Amino acid sequence: MGRSARPLPACALLLAALVAVSTFARAQGPASGAPAAANPVAVRIDGVVAIVGGNTPTSDTDVILRSDVELRARLTRAADGDAAIRAPLSEAALAAALDALIAEAVVAREAARLHASPPSADQIEAQRASLVRGLGTDAEVARWLASFGAEADELRATATRRAFVEAFLQANLRASATVSDAELARVHGSGEHPFTSMPLEQVAEPLRAWIAARALRQDVARWTAVLRGRTPVVVVVPFAPPPVGASEEERSDVGTGR
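Here the structure is a predicted model, which is why all the values come from computation and not from measurement. (Residues numbered from 1 in each chain as written. Predicted model: local features only at pLDDT ≥ 70, side-chain atom pairs only at ≥ 80, totals over all residues. Heavy atoms only, no water.)

Novice: Sorry if this is basic, but what is going on with the overall build of the protein here?
Specialist: Helix and strand content of the protein: 9 helices and 4 strands. Ordered by position from N to C terminus, the α and β elements of the protein give β-α-β-β-α-α-α-α-α-α-α-α-β. Evaluated residue by residue, the protein yields a buried proportion of 39% over its 258 residues. Taking the contacts inside the protein whose residues are at least 6 apart along the sequence as the reference set, 75% of them involve residues at least 24 apart. (Helix = DSSP H or I, 4+ residues; strand = E, 2+ residues; numbered from the N terminus. Buried < 20%, exposed > 50% of the residue type's maximum accessible area, 1.4 Å probe, protein only. Contact = heavy atoms within 4.5 Å.)

Written out as structure tokens, the structure reads:
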């Protein structure tokens, strides 16, 4: 996801001036009579999917590309293995990835407006490792990215943005991580948690962490909804939204460390 250097005409956006297609092909063919390349090169034909912060791409807006959405959707599947990563992306998975990218963009804009501290190298690396968990060594990650026409810089930019957003959210929503003993007992007694068959004394700490994580997700959702309400967002290419009861990959993951 990047900043556009200058505005583009509205008609160019509507006609997908950047060519809204996601496909892979061989690199430009050799001249007549020349031998074909031994290894095909992935080529991405990209397109604008959404604009955050304005109605047209400018130096002050964030532009989300089709390639950003697809990479995010595939990274969400990273822990599920190579076959899952390479499987066709559903409209719901693309919609969830786009929603997460928009949410991150509006939070990052707010963090920048408030002059939040940039993430540390360790925070960025933690996000990068989380994004590619299950993909193997650095060399295997590089080959995987290349197979989709992506580059290491895109992964680094994604990790940096996520680290910036998560650090800002954690600093501003710190209260979500505090779970009193009374709240712990109340939730355990309600049965609305994953530890229903176990006594409280055995599951106190994991349940406390589960409650804190749930509260953080709810606070993040409320906060990003407020920010989206006051930030111009233009979705050029909409995707079908995730259905009720969607799987984990079909839900927005902003601020959750994934």
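Novice: Help me understand unusual backbone geometry, please; the structure alone is not making it clear to me.
Specialist: Working note: non-glycine residues mostly have negative phi, and peptide bonds are mostly trans. Positive phi, close to 60 degrees, is recorded for H115, a residue that is not glycine. One can find H115 in the loop between helix 4 (91–113) and helix 5 (121–131). Among the residues examined, H115 registers a relative accessible area of 70% and is labelled exposed.

Novice: Looking at this model, I keep getting lost on the confidence of the model for the protein. Mind explaining?
Specialist: Segments scoring low in pLDDT should not have their predicted coordinates read at a detailed level. Chain-level pLDDT for the protein is 78 on average; 73% of the residues reach the 70-or-more range. The low-confidence segment residues 4–41 (pLDDT under 50) makes 55 contacts with residues lying over four places distant or belonging to another chain. (pLDDT = per-residue confidence, 0-100.)

Novice: Honestly, helix 5 in this entry has me stumped. Any pointers?
Specialist: One full turn of an α-helix is made of 3.6 residues, so residues set three or four places apart face in the same direction. By the burial criterion, the buried members of helix 5 are I124, Q127, R128, S130 and L131. Mapping the buried residues of helix 5 onto a view down its axis gives an arc of 165 degrees, with all of them on the same face. Residues A121 and D122 are exposed on helix 5 and point more than 90 degrees away from its buried face. Packed against the buried residues of helix 5 are helix 2 (66–76), helix 6 (138–147) and helix 7 (152–172). (Arc of directions from axis to C-beta.)

Novice: I tried to follow the environment of S117 on my own but got confused; where do I start?
Specialist: As for its placement among the helices and strands, S117 is situated in the loop between helix 4 and helix 5. Classification of S117 by relative accessible area gives exposed; the value is 59%. The spacing of S117 and F168 is 51 residues in sequence and 8.2 Å in space, taken between C-alpha atoms.

Novice: Explanation requested: the nonpolar core in the structure shown.
Specialist: Side chains of a nonpolar character, in soluble globular proteins, are inclined to be buried together. Membership of the largest hydrophobic core comes to 27 residues, with the highest contact counts inside it found for I64, V69, L98, V107 and F239. Of all the elements in the fold, those that place two or more residues in this core are strand 2 (48–52), helix 2, helix 4, helix 7 and helix 9 (200–230). The leading source of residues in this core is helix 4, at 11 residues. Among all residues touching L98, those that are not within four sequence positions of it are V49, A50, I64, V69, V235, V237 and F239. Of all hydrophobic cores here, the second largest spans 16 residues; its members include I85, V132, L135 and L145. (Core = buried A, V, L, I, M, F, W, Y, C linked by side-chain atoms within 4.5 Å.)

Novice: Quick question: what am I supposed to make of the pairing of strand 2 here?
Specialist: Note on strand geometry: in a regular strand, side chains alternate between the two faces of the sheet. Most of strand 2 is tucked away: 5 of the 5 residues are buried. Pairing geometry for strand 2 and strand 3 (residues 62–65), over 4 bridges, is antiparallel. Bridged to V48 within strand 3 is L65. Summarising the sheet, strand 2 and strand 4 (residues 233–235) pair through 3 bridges and their orientation is antiparallel. Counted as the bridge partner of A50 is V235 from strand 4. (Pairing = 2+ DSSP bridges.)

Novice: In this structure, what is going on with the side chain of R128? I would like to understand it.
Specialist: Along the chain, R128 falls in helix 5. Residues contacting R128, with those up to four places away along its chain left out, are D138, L155 and A159.

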